[in-house]
Amino acid sequence: MERKIKLLWDFRGEDAKETAKHHTIHLKEFAEAEKLPFSEINIVEKNPMLSSAFIIVDENDMKTYRDALKPHRGEIVTT
C-alpha cells in the first residue's frame with residue numbers, strides 16, 4: 001500500500017479559520033481540474049489564531065501537488 005502525504009497551508013490571525021476553509025475550495029478545484037486523485041481535503045484549527053488547510057494525497061502524486069501549489073509543509077500520514 002502506498003504512503004499518504006498530508007500537504008498543509010497555515011493561516012494566522014483572526015480570520016485564519018475562514019481563510020483555511022476558503023483555501024480548501026481552491027484545493028478541490030485544482031484537483032478536479034487536473035484530474036488528480038486525493039483522499040481528503042479539510043482544515044484543522046490549532047487555536048483561534050492558527051488554522052491549516054490540508055489535502056491528503058498518494059505519495060506518487062505529491063510532487064505534482066507540491067510543485068503547483070507550494071504548500072507550507074507536508075507530513076506522512078500515519079494510521
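Our subject in this report is the structure included herewith. (Residues numbered from 1 in each chain as written. Predicted model: local features only at pLDDT ≥ 70, side-chain atom pairs only at ≥ 80, totals over all residues. Heavy atoms only, no water.)

Brief notes about helix α1 (residues 16-33)
Thinking step 1. The terminal C-alpha atoms of α1 lie 26 Å apart, and with 18 residues this matches the ideal 26 Å at 1.5 Å per residue to within 8%.
Thinking step 2. Buried residues of α1: A16, A20, T24, L27, F30 and A31, and no others. Buried positions in α1, seen along its axis, are confined to an arc of 125° and lie on one side of it.
Thinking step 3. Residues of α1 that are buried sit in contact with β1 (4-12), β2 (40-47), β3 (50-58) and α2 (59-69).
Thinking step 4. Positive backbone phi, at 55°, marks K35, one or two positions downstream of α1. (Helix = DSSP H or I, 4+ residues; strand = E, 2+ residues; numbered from the N terminus. Expected span 1.5 Å × (residues − 1). Buried < 20%, exposed > 50% of the residue type's maximum accessible area, 1.4 Å probe, protein only. Arc of directions from axis to C-beta. Contact = heavy atoms within 4.5 Å.)

Quick look at the sheet that holds β2
Thinking step 1. Spatial strand order, β2-β3-β1-β4: 4 strands in an open sheet with antiparallel pairing. Because the sheet does not close on itself, it has two edges, and the strands there are β2 and β4 (73-76). Going across the sheet, the axis of each strand differs from the next one's by a mean of 30°, ignoring polarity.
Thinking step 2. Sheet topology places β2 next to β3; 7 bridges connect them, and they run antiparallel. Residue N47 lies in a different strand from β3, and its bridge partner there is L50.
Thinking step 3. On the sheet, α1 packs against β1, β2 and β3 and is oriented at approximately 20° with respect to β3. (Pairing = 2+ DSSP bridges. Axes fitted to C-alpha atoms, helices over the stretch in contact; angles between N-to-C directions.)

Observations concerning the pattern of salt bridges
Thinking step 1. Inspection of every chain in the model, using the stated rule, returns 8 salt bridges.
Thinking step 2. Salt-bridge contacts for E59 lead to R3; the nearest nitrogen and oxygen are separated by 2.7 Å. Of this pair, E59 sits in helix α2 while R3 is found in the segment before β1, placing the two residues 56 residues apart along the sequence.
Thinking step 3. Residue class for E59 comes out partly exposed when judged on its relative accessible area of 30%.
Thinking step 4. A salt bridge links R66 to D67; the shortest N-O distance between them is 3.0 Å.
Thinking step 5. Here R66 falls in the partly exposed class, since its relative accessible area comes to 35%.
Thinking step 6. Judged by relative accessible area, D67 falls into the partly exposed class, the value being 44%.
Thinking step 7. Among the charged side chains, a salt-bridge network with shared partners connects D10, R73 and E75. (Salt bridge = Lys/Arg side-chain N within 4 Å of Asp/Glu carboxyl O.)

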